[in-house]
Amino acid sequence: MVAVDTTGEAGIVVTGLPWRRQVCQQVFEQAAVDCGRALAAWSDRRSGKRRGKRVGFPRFKKKTGVVPSFRLRNKHPKGRPPAIRVGDNNQPRSITLPGIGQIGVHDDTRRLRYMLAKKRAKICFATVSHRCGRWWVSLNVQAADLRSAHHHAPRDPGDDGGWVGLDRGLLAFVVAADSDGREVARITDAPKALAAGMKQQQRLAKSLSRKQKGSRNRRDAAAKLGRHHHHVANSRRHFLHQISNALVKTHDRLVLENLNISGMLANHRLSPAISDAGWAEFGRLLGYKITWRDGTLAVADRWYPSSKLCSQCGAVRGDLTLADRVFTCGCGHSADRDTNAAVNLARWGQAHHDPHRSPDPQAGGRATNARRRDGADQHPTRAGETSPVDTGTDAHAAPAA
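Now for a look at the structure at hand. Being a predicted model, the structure only gives us computed values, none of them experimental.

### Some thoughts on the overall build of the protein chain
Part 1: When you go through the protein chain residue by residue, the secondary structure sums to ten helices and 15 strands.
Part 2: Across the 401 residues of the protein chain, 34% fall into the buried class.
Part 3: For the protein chain, long-range pairs separated by at least 24 residues make up 63% of all intrachain contacts whose partners lie at least 6 apart in sequence.

Written out as structure tokens, the structure is:
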């Protein structure tokens, strides 16, 4: 804007955002793109074009109460290097961002640099966020499929064997068994990440509540509490990656039960342990990892009585309670409760296998939200947003079964 004073001299006056030239223009562009997507989702939900959960009108991102973040697009101009680069200027642990420049990172970038050099990966976006008092850079990478040597061998269309049932629990995190009644694996040393850090969490939460609102000490205390929550989540996620990697590498046909986890959380005595187990996340990891390896993950119907069904005679025991850890039947069969349920799940997958049907994450049909004692939740089996390298297809060995 041009302003003229009383003497007749004209001058340029900066209006609007005086710091807009200090920020990369992609920050404003991507924010406008996100706003457009939010408005489209809200409009489609009101008109009935979009199904699922209710979508509200987009709201402004507040300074407090949300995770501050922005997204940058990776441009590939002709004859010039891409805008987002990893390990530039002989600095392996660094990322170059447009408008910001080269910054150092804590994590090792060797795998990502190898895939970028071999043209097996392409960086699409970079999201910079501030969480737990630290800055984080998340890269959205389009990676190539796993090599054929990592895929499971194709099965004959008429082959209905090889199914392994997975029964999830609290005493034993997962028990795997085949349709012949053999127990394949039993994981009992699952880390109780939330329970182990509960005392420290209570101490940090109490320290936060005693700080004055708006003070710097309160921000520091909130960052400490956030880092503790992040550490607990990482411990749980690392264990789930280990177990899921070990299962999808050794078995190409897995069966899970569609548990009603949201309904089971109504039991306040077991809800902390159920939340700490991460059953739903475990099912999600299995879903997209076994898809990478050309395997099959079947989800049994929620109403299938895997725990109450005798694996020998097929009788259903209706008086079975959670306290009964050994399944006994009138026919004389006696077995561990979890092993019996895993065998039944494996036989369910063998009986409901249809080679001419496309993979269905709801293998037993669409589940309802009804509650029952031995119910469980839905597990989305779509592919995740991370690449095979990021998810750890070559992760550490799983704990001893």
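Having seen the model, we can carry on.
### As for the pairing of strand 13 (residues 296-300)
Part 1: Counting buried positions over the five residues of strand 13 gives four, a clear majority of the element.
Part 2: Two elements, strand 12 (residues 253-257) and strand 13, share five bridges in a ladder whose sense is parallel. Among the inter-strand pairings, E257 is bridged to a residue of strand 13, identified as A300.

### A word on the sheet that holds strand 6 (residues 101-104)
Picture the strands of a sheet paired through backbone hydrogen bonds; they go either parallel or antiparallel.
Part 1: Reading across from one edge, 4-5-6 is the order of the three strands in this open sheet, with antiparallel pairing throughout. Unpaired on one side and paired on the other, strand 4 (85-86) and strand 6 mark the two borders of the sheet.
Part 2: Here strand 4 runs beside strand 5 (residues 94-97); their pairing, made up of two bridges, is antiparallel. Residue pairing in the sheet places V86 in a bridge with I95 of strand 5.

### As for the nonpolar core
Part 1: Ranked by size, the top nonpolar core spans 29 residues in total, and within it L166, F173, L254, W279, F282 and L286 carry the most contacts.
Part 2: Considering each element in turn, this core owes the most residues, seven residues, to helix 8 (residues 279-292).
Part 3: Once residues lying within four places of it in the same chain are set aside, the contact partners of L254 are W163, V164, L166, L247, V248, L286, I290, T296, L297 and A298.
Part 4: C24, V86, L97 and L112 belong to the second-largest nonpolar core, a separate cluster that totals 13 residues.

### As for the packing of helix 5 (residues 216-250) against helix 8
Part 1: Helix 8 packs onto helix 5 with a crossing angle of 40° between their chain directions and a minimal axis gap of 9 Å. In terms of axis orientation, helix 5 runs oblique to helix 8. Of the two possible hands of crossing, helix 5 and helix 8 adopt the one that is right-handed. In this structure, helix 5 uses L240, H241, I243, S244, N245, L247 and V248 to contact helix 8, whose residues at the interface are E281, F282, L285, L286, Y288, K289 and I290.

### Considerations on the packing of aromatic side chains
Centre distance and the angle of the planes are the two values used to describe a pair of aromatic rings.
Part 1: Taken as a whole and judged by the stated rule, the model has five aromatic pairs.
Part 2: Between F173 and F282, the aromatic rings sit 5.2 Å apart at their centres with planes inclined by 75°, giving edge-to-face as the arrangement. Linking F173 in the loop between strand 9 (164-168) and strand 10 (174-178) with F282 in helix 8, this pair joins segments that are 109 residues apart in sequence. Of the two residues examined, F173 and F282, each falls in the buried class.

### A few points about helix 8
Part 1: For helix 8, which comprises 14 residues, the first-to-last C-alpha distance of 21 Å matches the rise-based estimate of 20 Å (1.5 Å per residue) to within 8%.
Part 2: D294 sits one or two residues past helix 8 and shows a positive phi near 60°.

### Let's talk about helix 5
Part 1: Taking 1.5 Å of rise per residue, 35 residues should cover 51 Å, and helix 5 covers 51 Å from first to last C-alpha, within 8% of that figure.
Part 2: The opening residue of helix 5 is S215, an N-cap whose side-chain oxygen sits 3.3 Å from the backbone nitrogen of R218.

Calculation notes
Residues numbered from 1 in each chain as written. Predicted model: local features only at pLDDT ≥ 70, side-chain atom pairs only at ≥ 80, totals over all residues. Heavy atoms only, no water. Helix = DSSP H or I, 4+ residues; strand = E, 2+ residues; numbered from the N terminus. Buried < 20%, exposed > 50% of the residue type's maximum accessible area, 1.4 Å probe, protein only. Contact = heavy atoms within 4.5 Å. Pairing = 2+ DSSP bridges. Core = buried A, V, L, I, M, F, W, Y, C linked by side-chain atoms within 4.5 Å. Axes fitted to C-alpha atoms, helices over the stretch in contact; angles between N-to-C directions. Parallel < 35°, antiparallel > 145°, perpendicular 65-115°, else oblique. Left-handed = near helix turned anticlockwise from the far one by under 90°. Phe/Tyr/Trp six-rings, centres within 6.5 Å; stacked < 30°, edge-to-face > 60°. Expected span 1.5 Å × (residues − 1). Polar contact = N/O pair within 3.5 Å; in protein donor to acceptor, adjacent residues only side chain to side chain.

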